[in-house]
Amino acid sequence: MSRLLGGTLERVCKAVLLLCLLHFLVAVILYFDVYAQHLAFFSRFSARGPSRALHPAASSSTNCSRPNATAPSSGLPEAPSAQPGPTAPVLPPCPDSPPGLVGRLLIEFTSPMPLERVQRENPGVLLGGRYTPPDCTPAQTVAVIIPFRHREHHLRYWLHYLHPILRRQRLRYGIYVINQHGEDTFNRAKLLNVGFLEALKEDSTYNCFIFSDVDLVPMDDRNLYRCGDQPRHFAIAMDKFGFRLPYAGYFGGVSGLNKSQFLRINGFPNEYWGWGGEDDDIFNRISLAGMKISRPDIRIGRYRMIKHDRDKHNEPNPQRSRSSPGFFLLSAYISGPSAGLISAAPARFTKIQNTKLTMKRDGIGSVRYQVLEVSRQPLFTNITVDIGRPPSWPPRG
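Residues numbered from 1 in each chain as written. Predicted model: local features only at pLDDT ≥ 70, side-chain atom pairs only at ≥ 80, totals over all residues. Heavy atoms only, no water.

*Asks:* Describe the sheet that holds strand β7 (residues 254-258), listing the residues and the values that go with them.
*Replies:* Taken together, the seven strands give an open sheet; going across it, the order is β5-β7-β3-β1-β2-β10-β9, and neighbouring strands pair in mixed fashion. Unpaired on one side and paired on the other, β5 (232-233) and β9 (370-376) mark the two borders of the sheet. Where strand β1 (residues 141-148) and strand β2 (residues 172-180) come together, eight bridges link them in parallel fashion. Looking at the pairing, Val144 lines up with Ile175 of β2. This element, helix α5 (residues 188-202), spans β1, β2, β3 (208-212), β9 and β10 (381-386) of the sheet and lies at about 145° to β1. (Pairing = 2+ DSSP bridges. Helix = DSSP H or I, 4+ residues; strand = E, 2+ residues; numbered from the N terminus. Contact = heavy atoms within 4.5 Å. Axes fitted to C-alpha atoms, helices over the stretch in contact; angles between N-to-C directions.)

As structure tokens, then:
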């Protein structure tokens, strides 16, 4: 019995030993197989060269006429290629409704406002008045264009209020002050045309243009300075008009058009010298181009105007039409020696009534000017231009 048990145990031990040997052989075979695969992989990697492994497209630059050609080897060791820098993080789109808006603002013009203070308050604004949100990617690049002459006091207040507003609105923007050289009659619309062209020369990615008078400050930061599917009128409720829209066709103060809308109406008219008339002409151009004016809620589109006397050489436009709605607004707010220019405006000199005839020849395609100086200040870009002189009006009779 013991002999039978011993024989059985011997056979079991032999079987276990055979299984162990078999397992060992399989492990050795697998080990060498994996080793061979790794060896082949690293051999291929070494054969391609270190610079090509890091920059596989580098060889294509050696033969521009044959993108797939292989450059012949010079026999010299390759120079080490530059390591790529860290890639900028991809920022999310800026929200349609920015979360940091305040709403109704307290606007006052009594405190002294030196430019140094405004600069300290806006450390993120770059030279030339450029700003880009650090935490999101805006859908538009906005050029804010201001027609200007002798309004440094107003400009300081405008910059003090508007830079924080525009930053809270998460806009990528630049501020352009278009300064009319000399003392000839002021021409607001022509300066706006100049601003459109000069802003695009500096940055061709501008696709939204906000045209703003320097004495108008929004009272609510929810009035977003963006462009939409239709031209936008922002300043619909000024304090000087009792926070009401003066008339349905009013398009003055602050307005916005995208690039295609602006070109569609051939820009703004160049022939309105003096105060008034150009905004009614622009409204007519928009209507004739088949577009409509969009406006914010009247509770949001409120503006305060910095009170001031009318500038010398910015008298009411003597060619403003008596039949335009703005004529009655003009006559209601102008008195003194300038009032005589209103009654002296004969209907045959009107331009507003002839917008359909003049808009194709008078506009962005016909503007003539000379840039005298471009100065990039910490909070804005100043562009001084010579826009010429107004023609002599034909004698009445």
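*Asks:* Before we move on, can you summarise the nonpolar core with the specific residues and values?
*Replies:* With 43 residues, the main nonpolar core has Ile175 and Tyr225 as its most contacted residues. Going through the elements one at a time, β1, α4 (152-168), β2, β3, β4 (216-218) and β8 (302-305) are the ones with two or more residues in this core. For this core, the leading source of residues is α4, giving eight residues. Each residue touching Ile175, except ones within four places of it in the same chain, is listed here: Gly128, Gly129, Val144, Ile146, Trp158, Leu159, His163, Leu166, Leu379, Phe380 and Thr381. Core analysis: the next-biggest nonpolar cluster, separate from the first, contains 31 residues, Leu192, Ile282, Val367 and Val385 among them. (Core = buried A, V, L, I, M, F, W, Y, C linked by side-chain atoms within 4.5 Å. Buried < 20%, exposed > 50% of the residue type's maximum accessible area, 1.4 Å probe, protein only.)

*Asks:* Just give me the short version of the side chain of His160, but keep the residues and values in it.
*Replies:* If you trace the backbone, His160 turns up in helix α4. Those residues in contact with His160, other than ones at most four positions away along the chain, are Met113, Arg117, Val118 and Glu121.

*Asks:* How would you explain helix α7 (residues 278-288) if you had to name every residue and give the values?
*Replies:* Along α7, the positions that sit buried rather than exposed are Glu278, Asp279, Asp280, Asp281, Ile282, Arg285 and Ile286. Of the residues trailing α7, Gly290 is marked for its positive phi of about 80°.

*Asks:* Describe the state of the cysteines, and please don't skip the residues or the numbers.
*Replies:* Tallying each qualifying case throughout the model produces two disulfides. What pairs with Cys208 in a disulfide is Cys227, and their sulfur atoms sit 2.1 Å apart. With the S-S dihedral at roughly 80°, the linkage between Cys208 and Cys227 falls on the right-handed side. With Cys208 in strand β3 and Cys227 in the loop between β4 and β5, this pair connects stretches of sequence that are 19 residues apart. Residues Cys208 and Cys227 agree in their burial class; the two are buried. In the chain, the bonded cysteines, numbered by position in the sequence, are linked as 1-2, 3-4. (Disulfide = S-S within 2.5 Å.)

*Asks:* Break down the packing of aromatic side chains for me, with residues and values.
*Replies:* A complete count under the given rule lists 13 aromatic pairs for this structure. With a centroid separation of 5.5 Å and 80° between ring planes, the pair formed by Phe109 and Tyr157 is classed as edge-to-face. Placement of the pair is Phe109 in the loop between α2 (50-54) and α3 (115-121) and Tyr157 in helix α4, with a sequence separation of 48 residues. Since its relative accessible area comes to 14%, Phe109 is described here as buried. For Tyr157, a relative accessible area of 3% gives the class buried. Between the aromatic rings of Phe196 and Phe262, the centroid separation amounts to 4.1 Å while the plane-to-plane angle is 25°, which identifies the pairing as stacked. Here the residue Phe196 occupies a position in helix α5, and Phe262 occupies one in helix α6 (residues 259-264), the gap between them amounting to 66 residues. (Phe/Tyr/Trp six-rings, centres within 6.5 Å; stacked < 30°, edge-to-face > 60°.)

*Asks:* Would you mind going over the sheet that holds β4 in detail, with residue names and values included?
*Replies:* Spatial strand order, β4-β8-β6: three strands in an open sheet with mixed pairing. At either end of the open sheet lies a strand with only one pairing partner, and these are β4 and β6 (237-238). Strand direction decides the pairing type here: β6 and β8, joined by two bridges, are parallel. Paired with Met238 across the two strands is Tyr303, which belongs to β8.

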